[in-house]
Amino acid sequence: MNRLFIFMVSTMLLLSCDDANDPNVNIDPFYGNLPEELIKELEKVATSMQTFEIDPSQSNSIVCDSGTILLIPSNSIVDENRNNISGNISIEVKEHFSKLDYLLSNLQTTYNDELLETGGMIYFNAYDMSGNPLKIAEGKSIRIETSSNIDSPNFFIGMRDK
């Protein structure tokens, strides 16, 4: 019995080792440091990415599947050199509003080791038609509207680091 207990504890300790600080470990932007096999299975059932094509020189309104509304003013998205974009761009959105969404996407609801109450999480990104990342122009903003049952929520902009 003791040997079985020691084996189980040793196995759990080995499996719980964290490689998040290892620069050679790739961190998936959507699922963190989960094993690749698990990510493939989660992708089959998790919330899917929504993609929209817009003309950034015009004002745009995007309504997502779960009701999130993106209001994107004209010329508010620029390239890495802060230049306006000519031609269409691709907007990616992934909405997370239920506990099941958080679980299936390995989303953490902690900040500085404190538990956060969440009214939802939204992934948003923009790319030109060549796949180059874009950003919000300095002095401009994009409005994101969503329904939440939390009074006066705080907003966090984050990047997955583990």
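Residues numbered from 1 in each chain as written. Predicted model: local features only at pLDDT ≥ 70, side-chain atom pairs only at ≥ 80, totals over all residues. Heavy atoms only, no water.

## Focus on the pairing of strand β3 (residues 69-72)
Stage number 1. Covered by surrounding structure in β3 are Leu70 and Ile72 only, the residues Ile69 and Leu71 on the alternate face being uncovered.
Stage number 2. Bridge count between strand β2 (residues 60-63) and β3: 4 bridges; the pairing is antiparallel. Opposite valine 63, over in β3, you have isoleucine 69 as the bridge partner.
Stage number 3. Taking the residues that link successive antiparallel strands as the turn, the β2-β3 hairpin has 5 residues, and the phi of glycine 67 there is positive, at about 100 degrees.
Stage number 4. In terms of strand pairing, β3 meets strand β10 (residues 143-145) through 3 bridges, oriented antiparallel. Bridge pairing in β10 places leucine 70 opposite isoleucine 144. (Buried < 20%, exposed > 50% of the residue type's maximum accessible area, 1.4 Å probe, protein only. Helix = DSSP H or I, 4+ residues; strand = E, 2+ residues; numbered from the N terminus. Pairing = 2+ DSSP bridges.)

## Thoughts on the sheet that holds β2
Stage number 1. Taking strand neighbours across the sheet as the criterion, the 3 strands line up as β2-β3-β10 in an open arrangement whose pairing is antiparallel. Two strands in the sheet have a free side with no partner beyond their single neighbour: β2 and β10. Sheet twist, expressed as the mean angle between neighbouring strand axes with direction ignored, is 15 degrees. (Axes fitted to C-alpha atoms, helices over the stretch in contact; angles between N-to-C directions.)

## Some words on the side chain of asparagine 60
Stage number 1. Along the polypeptide, asparagine 60 turns up in strand β2.
Stage number 2. Of the polar contacts made by the side chain of asparagine 60, one reaches the backbone oxygen of aspartate 55; its length is 2.9 Å.
Stage number 3. Residues in contact with asparagine 60, not counting those within four places in the same chain, are Ile54, Asp55, Leu70, Leu71 and Ile72. (Polar contact = N/O pair within 3.5 Å; in protein donor to acceptor, adjacent residues only side chain to side chain. Contact = heavy atoms within 4.5 Å.)

## Points about the environment of glutamate 53
Stage number 1. Along the chain, glutamate 53 turns up in strand β1 (residues 50-54).
Stage number 2. As a C-alpha pair, glutamate 53 and asparagine 88 span 35 residues in sequence and 6.4 Å in three-dimensional space.
Stage number 3. In this view, glutamate 53 contacts Asn88, Ile89 and Met129; residues no more than four positions away in its chain are not counted.
Stage number 4. Polar side-chain contacts of glutamate 53 include one of 2.9 Å to the side chain of asparagine 88.

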